[in-house]
Amino acid sequence: MDLDAVRTFVAVADAGRFREAALALSVTQQAVSKRVAALEKDLGARLFTRTARGAQLTVDGQVFLPHARELLRAEEQAASSVRPGRRALRVDVIGRRLAPADLVRDFHRAHPETALDVVTLFDAEAAVAAVRAGTVDASFRALTLPTRQLPEGIAAARVHDEPLQLLTGPGHALAAARAVTPAQLAGHRIWMPGNVAGTEWAAFYDDLAAAFGFTIEVTGPDFGTEPLLDTIADSPHLATFVGVQTRMVWPADHDLRRIPLRDPTPVYPHSLVWRADNPHPALAALRAHLGTARRDAHSWTPKWAR
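One structure accompanies this document, and this report is about it. (Residues numbered from 1 in each chain as written. Predicted model: local features only at pLDDT ≥ 70, side-chain atom pairs only at ≥ 80, totals over all residues. Heavy atoms only, no water.)

### As for the overall build of the chain
Along the chain, the regular secondary structure elements total 9 helices and 12 strands. Its C-alpha atoms give the chain a radius of gyration of 29 Å, more than 25% over the compact-globule value 19 Å for 306 residues. Its C-alpha atoms give the chain principal-axis dimensions of roughly 95 × 45 × 30 Å. Expressed as a percentage of its 306 residues, the buried residues of the chain come to 43%. The long-range fraction of contacts in the chain, counting pairs at least 24 apart against all pairs at least 6 apart in sequence, stands at 74%. Carbon together with sulfur atoms contributes 52% to the accessible area of the chain, which is approximately 16,100 Å² in total. Side chains of the chain give 35 positive and 34 negative charges; the mean places of these two sets differ by 7 Å. (Helix = DSSP H or I, 4+ residues; strand = E, 2+ residues; numbered from the N terminus. Rg over C-alpha atoms; globule rule 2.2 N^0.38 Å. Buried < 20%, exposed > 50% of the residue type's maximum accessible area, 1.4 Å probe, protein only. Contact = heavy atoms within 4.5 Å. Areas by Shrake-Rupley, 256 points an atom, 1.4 Å probe, with all protein chains shown as cover. Lys, Arg positive; Asp, Glu negative; His and termini not counted. Charge placed at Lys NZ, Arg CZ, Asp CG, Glu CD.)

Following this line, the structure appears as structure tokens:
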């Protein structure tokens, strides 16, 4: 259906005269008549009758009018959904309990007028592909490749270094420690069933384990966060890692301990990834809000993140 013809029909219905509709649309009266005639032919129904008092809607015209208005609203919504500055900024945060989600929440508190669409993609490969395709505007990822090796047109900046903590149950040998060095973890069982081979987080934790002489176990199926916490709470031998900003809630009787890691402090390197040619103004605002990560001389990251 020709939406210009639908727009012209609505203008005539609102104005009551073809001449006034032509003035409102900045076209000739002849153009208005042709558009309405073409629409009537397309619909197979007469929409107006001309009288000395102007153009009056027929019964069919009265029935069609609300649908015509809805068509024009849908057209505007469709255009707004892809118009920079009008559509929501779509951001991948990996997981809704993780630090990137906190960073986006902070941004929204600072810019409450900005519409956001928050999504979670699986790994860096999927996220970079989505950014490249334009299905997301930005993604938070740890990048195992140098920025210069990203696909052409993809930009990235390291925006947040998140310290890690050791998570143990109350019966674990390190449960009472106020802080633990990574070297002290040698010989302890670090259990991370969600450490999927080939992902950026697996690369990070594998390098961390290799650097400080401990082993990360990925045995057993990954049933999610709650079963993991249940197992850690009941085990005197198993521990796991969580980020400082990872949001977790567990029953009070679990008595889980979040123990800082120091000397050095392992930090997970979050980068923001975006298309260099993306004109969305909220993307520029997000980048300005995040700034760049502050490097701490007492922290540790893998060589690929330095």
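### Structural notes on the nonpolar core
Leu 166, Leu 185, Ile 190, Tyr 205, Leu 208, Phe 214 and Phe 241 are the most contacted members of the largest nonpolar core, which has 22 residues in total. Mapped by element, the contributors of at least two residues to this core are strand E6 (154-168), helix H7 (200-212) and strand E9 (238-243). Counting residues per element, this core draws most heavily on H7, which supplies 6 residues. Those residues in contact with Leu 166, other than ones at most four positions away along the chain, are Leu 174, Leu 185, Ile 190, Ala 239, Thr 240, Phe 241, Arg 257, Arg 258, Ile 259 and Leu 261. Core analysis: the next-biggest nonpolar cluster, separate from the first, contains 19 residues, Ala 5, Phe 18, Ala 22 and Phe 48 among them. (Core = buried A, V, L, I, M, F, W, Y, C linked by side-chain atoms within 4.5 Å.)

### Thoughts on the packing of aromatic side chains
In total, this model carries 10 aromatic pairs according to the counting rule given. Measuring from ring centre to ring centre gives 5.5 Å for Phe 122 and Trp 201, while their planes differ by 85°; the resulting arrangement is edge-to-face. Here Trp 201 lies in helix H7 and Phe 122 lies in the loop between strand E4 (116-119) and helix H6 (124-133), a separation of 79 residues in the sequence. Assessed through its relative accessible area of 46%, Phe 122 is described here as partly exposed. (Phe/Tyr/Trp six-rings, centres within 6.5 Å; stacked < 30°, edge-to-face > 60°.)

### Quick word on unusual backbone geometry
In the segment running from Asp 263 into Pro 264, the intervening peptide bond is cis, with an omega of -5°. By the secondary structure assignment, Pro 264 is in the loop between strand E10 (257-260) and strand E11 (265-275). At Ile 94, a residue that is not glycine, the phi angle is positive and equals roughly 70°. Within the secondary structure, Ile 94 sits in the loop between strand E3 (89-92) and helix H5 (99-110). For Asp 255, which is not a glycine, the phi torsion comes out positive at approximately 50°. As for its position among the elements, Asp 255 is in the loop between E9 and E10.

### Quick notes on the pairing of E9
In terms of residue burial, E9 counts as a mostly covered element, since 6 of its 6 residues are buried. Along E9, one buried face is formed by Leu 238, Thr 240 and Val 242 and the opposite face, lined by Ala 239, Phe 241 and Gly 243, is buried too. Sheet topology places strand E7 (residues 189-191) next to E9; 2 bridges connect them, and they run parallel. In the strand pairing of E9, Arg 189 is matched with Leu 238. (Pairing = 2+ DSSP bridges.)

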